[in-house]
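Structural overview for review
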Amino acid sequence: MSAYLFVKLLHNLCFVYWLGGDLGTFYASRYVTRSDLSPQARSTALTIMMGCDQGPRFCMPLILPLGLQLAYMSGQWAVAPFWLWLAWGLCLAWFALVATLHFAHGKPFIPVLTRLDFYLRVVLIVGLLGLAGYALATNFILAADWLAIKLGIFALLVLCGLLIRMRLVAFGAAWGKLMAGDSSDSVNQTIHGSIASCRPFVYLIWLGLLANAAYGLHLIY
């Protein structure tokens, strides 16, 4: 297996675990919102949901540098090697941040890292959309339009993830009340409504992933 094909395999695996993890998260969320289940059963469903969600969380910062590596190796990303290494360094730091947020859950420094992760994603969204737009307008940096489009779609996927996070703020407070013994209608309605409001963005993520896969396979030009 050549180095190019190995990187391509890793890139495809990130797509598989991202989409598959999202499907598992979506399915488990339906049990989290079911008021006819006991709080213990719903807590188990939430644990499964959060576990499935780690696949997309870990794959997101890895799929980007792998894609850029493929573009560089195929001559589609005409930049000095420094920029490729910089992309890898930033994305691996992002991956380490995501891993720390997962494995050090509950530590006192987690709120600070959570805010850092949020603003890092904002910077990435703006930067990648700007780069994709510039490449499409000038045919510079990225040799093929479909690569610029894939990069722009990726930025929009990150944006969808941020919007989901923002819509789950109310969920966290309501969930804490449920676990404390408050299973009132208002609490259940908040939990259900918060998760339901995220679903349009989940569908957009699935659509974006499928579109990027189609561009990568050259089904769309």
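Residues numbered from 1 in each chain as written. Predicted model: local features only at pLDDT ≥ 70, side-chain atom pairs only at ≥ 80, totals over all residues. Heavy atoms only, no water.

Focus on the overall build of the protein chain
Within the protein chain, the secondary structure is distributed over seven helices and zero strands. Starting at the N terminus, the α and β elements of the protein chain follow one another as α-α-α-α-α-α-α. Among the 221 residues that make up the protein chain, the fraction classed as buried is 40%. Of all intrachain contacts in the protein chain linking residues separated by at least 6 positions in sequence, the fraction that spans at least 24 positions is 69%. Averaging the coordinates of the 13 positive side-chain charges in the protein chain and doing the same for the 7 negative ones gives two points 4 Å apart. (Helix = DSSP H or I, 4+ residues; strand = E, 2+ residues; numbered from the N terminus. Buried < 20%, exposed > 50% of the residue type's maximum accessible area, 1.4 Å probe, protein only. Contact = heavy atoms within 4.5 Å. Lys, Arg positive; Asp, Glu negative; His and termini not counted. Charge placed at Lys NZ, Arg CZ, Asp CG, Glu CD.)

Notes on the packing of helix 1 (residues 3-32) against helix 7 (residues 185-216)
Viewed as axis vectors pointing N to C, helix 1 and helix 7 meet at an angle of 160°, and their least axial separation amounts to 11 Å. With respect to each other, helix 1 and helix 7 are oriented roughly antiparallel. Classified by chirality, the crossing of helix 7 by helix 1 is left-handed. Residues Phe15, Trp18, Leu19, Asp22, Leu23, Phe26, Ser29, Arg30 and Val32 of helix 1 form the contact with helix 7, whose participating residues are Ile191, Ile195, Arg199, Val202, Tyr203, Ile205, Trp206, Leu209, Leu210 and Ala213. Looking at the contact of helix 1 with helix 7, its residues break down into 15 nonpolar, one polar and three charged. (Axes fitted to C-alpha atoms, helices over the stretch in contact; angles between N-to-C directions. Parallel < 35°, antiparallel > 145°, perpendicular 65-115°, else oblique. Left-handed = near helix turned anticlockwise from the far one by under 90°. Nonpolar A, V, L, I, M, F, W, Y, C, P; charged D, E, K, R; others polar.)

Some thoughts on the side chain of aspartate 53
As for its position among the elements, aspartate 53 is in helix 2 (residues 39-73). Assessed through its relative accessible area of 15%, aspartate 53 is described here as buried. When near neighbours in sequence (up to four residues on either side) are disregarded, aspartate 53 contacts Asp22 and Thr25.

Quick word on unusual backbone geometry
Phi is positive for asparagine 139, which is not a glycine, with a value near 55°. Here asparagine 139 lies in the loop between helix 4 (110-138) and helix 5 (145-167). Phi is positive for isoleucine 141, close to 80°, though the residue is something other than glycine. Looking at the element boundaries, isoleucine 141 is found in the loop between helix 4 and helix 5.

So, the packing of helix 5 against helix 7
When two helices pack together, their arrangement is captured by the angle between the axes and the distance separating the axes. Two elements in contact, helix 5 and helix 7, have axes whose closest approach is 9 Å; the angle formed by their N-to-C orientations is 165°. As judged from the angle between their axes, helix 5 and helix 7 are roughly antiparallel. When you trace helix 5 past helix 7, the crossing you get is left-handed. Class assignment of the residues belonging to the contact of helix 5 with helix 7 gives a composition of 16 nonpolar, six polar and two charged.

Let's talk about the pattern of salt bridges
By the definition in use, this model includes four salt bridges. A salt bridge links arginine 34 to aspartate 36, with the nearest nitrogen and oxygen atoms 2.8 Å apart. A residue is classified by how much of its surface remains accessible, and aspartate 36, at 56% relative accessible area, is exposed. Between aspartate 53 and arginine 57 there is a salt bridge, with its nearest N and O atoms 2.6 Å apart. Of the two residues, aspartate 53 and arginine 57 both sit in helix 2, four residues apart, roughly one turn of that helix. Bridged by salt links that share partners, the residues Asp117, Arg121 and Arg165 form one connected network. (Salt bridge = Lys/Arg side-chain N within 4 Å of Asp/Glu carboxyl O.)

Focus on the layout of surface pockets
A probe as big as a water molecule, rolled over the atoms, marks out the empty space that is left. Empty space within the largest pocket amounts to approximately 1,400 Å³. The wall of the largest pocket is formed by 38 residues, among which Met50, Asp53, Arg57, Arg165 and Leu168 lie closest to the centre. For the lining of the largest pocket, the element with the most residues is helix 2, which contributes eight residues. Looking at the lining of the largest pocket, its residues break down into 21 nonpolar, nine polar and eight charged. (1 Å grid on protein atoms, 1.4 Å probe; cavity = no way out; pocket = protein on both sides within 12 Å on 5 of 7 lines; lining within 4 Å. Points joined across faces, edges and corners; volume = space filled by probe spheres on them.)

Here we look at the packing of aromatic side chains
Tallied over the full model, the rule gives 11 aromatic pairs. Relative to tyrosine 203, the ring of phenylalanine 26 has its centre 5.8 Å away and its plane inclined at 55°; by these criteria the two rings are tilted. Taken together, the residues phenylalanine 26 in helix 1 and tyrosine 203 in helix 7 connect sequence positions 177 residues apart. With a relative accessible area of 15%, phenylalanine 26 lands in the buried category. On the numbers, 5.7 Å between centres and 65° between planes, the contact of tyrosine 203 with tryptophan 206 is edge-to-face. Highlighted residues: tyrosine 203 and tryptophan 206, both in helix 7, separated by three residues, approximately one helical turn. Taking the relative accessible area as the measure of exposure, tyrosine 203 reaches 41% and is therefore partly exposed. Tryptophan 206 sits in the buried class, given a relative accessible area of 17%. (Phe/Tyr/Trp six-rings, centres within 6.5 Å; stacked < 30°, edge-to-face > 60°.)

Everything listed here is a matter of coordinates, which is why it stays silent on function.
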